[in-house]
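Architecture at a glance
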Amino acid sequence: MEAAPPGVRADIWLWAARFFKTRALAKQALAAGKIACGGVACKPARLLRVGEWLDIARGEERFEIEVLALANTRGPATMAQTLYRESPASSAARAALREQRRLQQAGTPLPPPARPGKRDRRRIHAFKQGL
């Protein structure tokens, strides 16, 4: 009987930890250099081990996490959250970014609840002609 490998592939772990919806997306992010392990770009086949730190860039979000457990299968979200621990600085930075985005959207007008009807279109047209 063979011994279990000492780690899990990075693309599989990122998928199992629910940072990416599919393993292919995780592989693309790794190949693009959006994930670093210990400050060095990580490849998809790299074996992750417990205790390593990952820097993950996913869109505008940035995560700095520590690997707490290994998994090579995707399970429920509650199980996925036990696989890692996010640093307090990373969590605070993401919360500040979320608040900044919320405040930026606060000034934008809401779209109308429905498309304008015939009467509304006539009023809009009359208003524009009057200018």
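See the structure shown above.
Figured I'd write up the structure that's included with this text. Remember, predicted model here, so these are calculated numbers, not experimental data.

Section: the overall build of the protein chain
Tallying secondary structure elements over the protein chain gives 5 helices and 7 strands in all. Taken over the C-alpha trace, the protein chain has a radius of gyration of 23 Å; the compact-globule value for 131 residues is 14 Å, which it surpasses by more than 25%. Expressed as a percentage of its 131 residues, the buried residues of the protein chain come to 27%. Within the protein chain, residue pairs in contact and separated by at least 24 positions form 44% of the contacts whose partners lie at least 6 positions apart.

Overview of a positive patch on the surface
Taken together, Arg 115, Lys 118, Arg 121 and Arg 122 make up a surface patch of like positive charges. Mapped onto the elements, Arg 115 comes out in the loop between helix 4 (88–106) and helix 5 (118–130).

A short note on the side chain of Glu 66
Residue position: Glu 66 is located in strand 6 (residues 61–67). Taking the relative accessible area as the measure of exposure, Glu 66 reaches 14% and is therefore buried. A polar side-chain atom of Glu 66 sits 2.3 Å from a polar atom in the side chain of Arg 85. Once residues lying within four places of it in the same chain are set aside, the contact partners of Glu 66 are Gly 51, Glu 52, Trp 53, Leu 83, Tyr 84 and Arg 85.

Some details on the sheet that holds strand 7 (residues 84–86)
Across the sheet, which stays open at both edges, the 5 strands sit in the order 3-2-5-6-7 with antiparallel pairing between neighbours. Here the strands that pair on one side only, and so sit at the sheet edges, are strand 3 (40–41) and strand 7. Here strand 6 runs beside strand 7; their pairing, made up of 3 bridges, is antiparallel. Bridged to Glu 66 within strand 7 is Arg 85. Lying over the sheet, helix 4 contacts strand 6 and strand 7, oriented at roughly 160° with respect to strand 6.

Observations regarding the pairing of strand 5 (residues 53–58)
Here strand 2 (residues 35–37) pairs with strand 5 via 3 bridges, running antiparallel. Note on strand 5: the bridge partner recorded for Cys 37 is Leu 54. Pairing geometry for strand 5 and strand 6, over 6 bridges, is antiparallel. Opposite Ile 56, over in strand 6, you have Phe 63 as the bridge partner. Adjacent in sequence and paired antiparallel, strand 5 and strand 6 are bridged by 2 residues, among which Gly 59 carries a positive phi angle near 70°.

Quick notes on the rules
Residues numbered from 1 in each chain as written. Predicted model: local features only at pLDDT ≥ 70, side-chain atom pairs only at ≥ 80, totals over all residues. Heavy atoms only, no water. Helix = DSSP H or I, 4+ residues; strand = E, 2+ residues; numbered from the N terminus. Rg over C-alpha atoms; globule rule 2.2 N^0.38 Å. Buried < 20%, exposed > 50% of the residue type's maximum accessible area, 1.4 Å probe, protein only. Contact = heavy atoms within 4.5 Å. Patch = residues over 30% accessible without salt bridge, like charges linked within 9 Å, V, L, I, M, F, W, Y side chains within 5 Å. Areas by Shrake-Rupley, 256 points an atom, 1.4 Å probe, with all protein chains shown as cover. Salt bridge = Lys/Arg side-chain N within 4 Å of Asp/Glu carboxyl O. Lys, Arg positive; Asp, Glu negative; His and termini not counted. Charge placed at Lys NZ, Arg CZ, Asp CG, Glu CD. Polar contact = N/O pair within 3.5 Å; in protein donor to acceptor, adjacent residues only side chain to side chain. Pairing = 2+ DSSP bridges. Axes fitted to C-alpha atoms, helices over the stretch in contact; angles between N-to-C directions.

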